[in-house]
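An overview of the molecular structure
The chain contents come next:
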Amino acid sequence: MSQVTRSYWQGVRTALPFLLVMGPFALLFGVLATEAGLTRVETTAFSVIVIAGAAQFVALQLLTESAPLAAVILTGLAVNLRMLFYSAALVPHLGDAPLWKRALAGYLLFDQTYGMAIQRFETLTGMTGTQKYAYFYGCATPLVIFWYGFTVVGAVAGNLIPEGYPLDFAVPITFIALFAPALRSLPHLGAAFVSVVATLALGWVPYNLGLIIAALIAMASGAALELWLTRRAEGGSDAA
Amino acid sequence: MPPDTNIWLVIFCLGVGTFLVRFSFIGIIGDRDLPEWVLRHLRYVAVAVMPGLVAPLVLWPDATGGTPEASRLAAAGAALLAGVLTRSPLWSIVAGFGTLLLYPLIF
């Protein structure tokens, strides 16, 4: 098996535990969308074309409240705005590739694929660009299959989620699993702390934009801490 | 939802807009080098976005009407601890889910 094939299957394997959430979450979207009056085709197209869980649920909620379509679209996009940061953070790893590969990576870029990929790329040095792409597509494959598949199941079969399955909290747990392994240095811890405090403090900002502002402040904090630690280490050696 | 709602317009605009957001930097910057100060900020994207995304869901879950709830707090703590200690998303998910499902049986 070549290095590239191996990277692909390592990506697939890393993604497997996340299916525990992706399946039921997509199922729920299928159920709620058809209950809200979307046809099965519209429901499926929603998951295939938009492919962003949180934004889909928010848009659906606003549609059922008969909000103006412009508000539905802009709110959904605001919820997805955080992915600008993901796209930027992956440039050093996925930037050097033909346009179609980058476009496909753009389509497949969501919280889980970004989180898994960046953990791998930052801890395992020496991966080639092709291996990185293989790993990224590997992470995306099972997630996307489940996302499409269970949307259809939910739209056709109705609610199959057992009573008491704590779905609301399955999603936060997977997000924690995506950032906790990255809390490996003081700047990372500092950025995470600032992210929590600032997001909670900015909860009143409309359209979920508090999260975006908080992310900018938290990134700046992490970068500043890193710079301060580097300078202190250098300064220490000068003094000695 | 009013019967004449143009669902396809919503799907199309959200789809195109979301793709442009995701494709933005990978698409436009491509293989050009980013300055060091930008890279320094980008190293903290994951820990700057995701903890903030999670915090309100952990502290004030919709499912409980917005009041903090013990099994969810314990599950979040377990997922966090396991993730930090093992450096593995798998064990983080196992610890978090395990705590969430077992907590009501124990307490």
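Residues numbered from 1 in each chain as written. Chains lettered and ligands numbered in written order. Predicted model: local features only at pLDDT ≥ 70, side-chain atom pairs only at ≥ 80, totals over all residues.

1. Concerning the overall build of chain B
Of the regular secondary structure elements, chain B holds five helices and zero strands. Start at the N end of chain B and walk to the C end: the helices and strands fall as α-α-α-α-α. Across the 107 residues in chain B, those meeting the buried criterion constitute 40%. (Helix = DSSP H or I, 4+ residues; strand = E, 2+ residues; numbered from the N terminus. Buried ≥ 20, exposed ≤ 12 C-beta atoms within 10 Å, placed from the backbone.)

2. Topic: the UniProt feature "transmembrane region" (unreviewed entry) in chain B
Here, the residues flagged by UniProt with the feature "transmembrane region" (unreviewed entry) are residues 6-30, 42-61 and 73-106 of chain B. In residues 42-61 of chain B, the share of helix is 80% and the share of strand is 0%. The end C-alpha atoms are 29 Å apart. (UniProt positions renumbered as here; feature names shortened; annotations may be inferred.)

3. Some remarks on the domain arrangement of chain A
Residue and element names in this part refer to chain A. Taken domain by domain, chain A consists of domain 1 (3-161 + 168-173) and domain 2 (183-240). Centre-to-centre separation of domain 1 and domain 2, based on C-alpha positions: 27 Å. Contact residues are listed per partner, giving six residues for domain 1 and six residues for domain 2. Tallying contributions element by element places helix α5 (residues 69-80) first for the side of domain 1 that touches domain 2, with three residues. (Domains from an automatic or database assignment. Contact = placed C-beta atoms within 7 Å.)

4. Digging into the nonpolar core
In terms of nonpolar packing, the biggest core is built from 108 residues, with I176 and F179 of chain A together with V45 and A79 of chain B touching the most fellow members. It is helix α9 (residues 129-157) of chain A that provides the largest number of residues to this core, a total of 13 residues. Counting only domains with at least three residues in this core, you end up with domain 1 (3-161 + 168-173) and domain 2 (183-240) of chain A. Not counting residues within four places of it along the chain, the set of residues in contact with I176 of chain A comprises V54, A76, A79, L80, G83, S92 and G96 of chain B. (Core = buried A, V, L, I, M, F, W, Y, C linked by C-beta atoms within 7 Å.)

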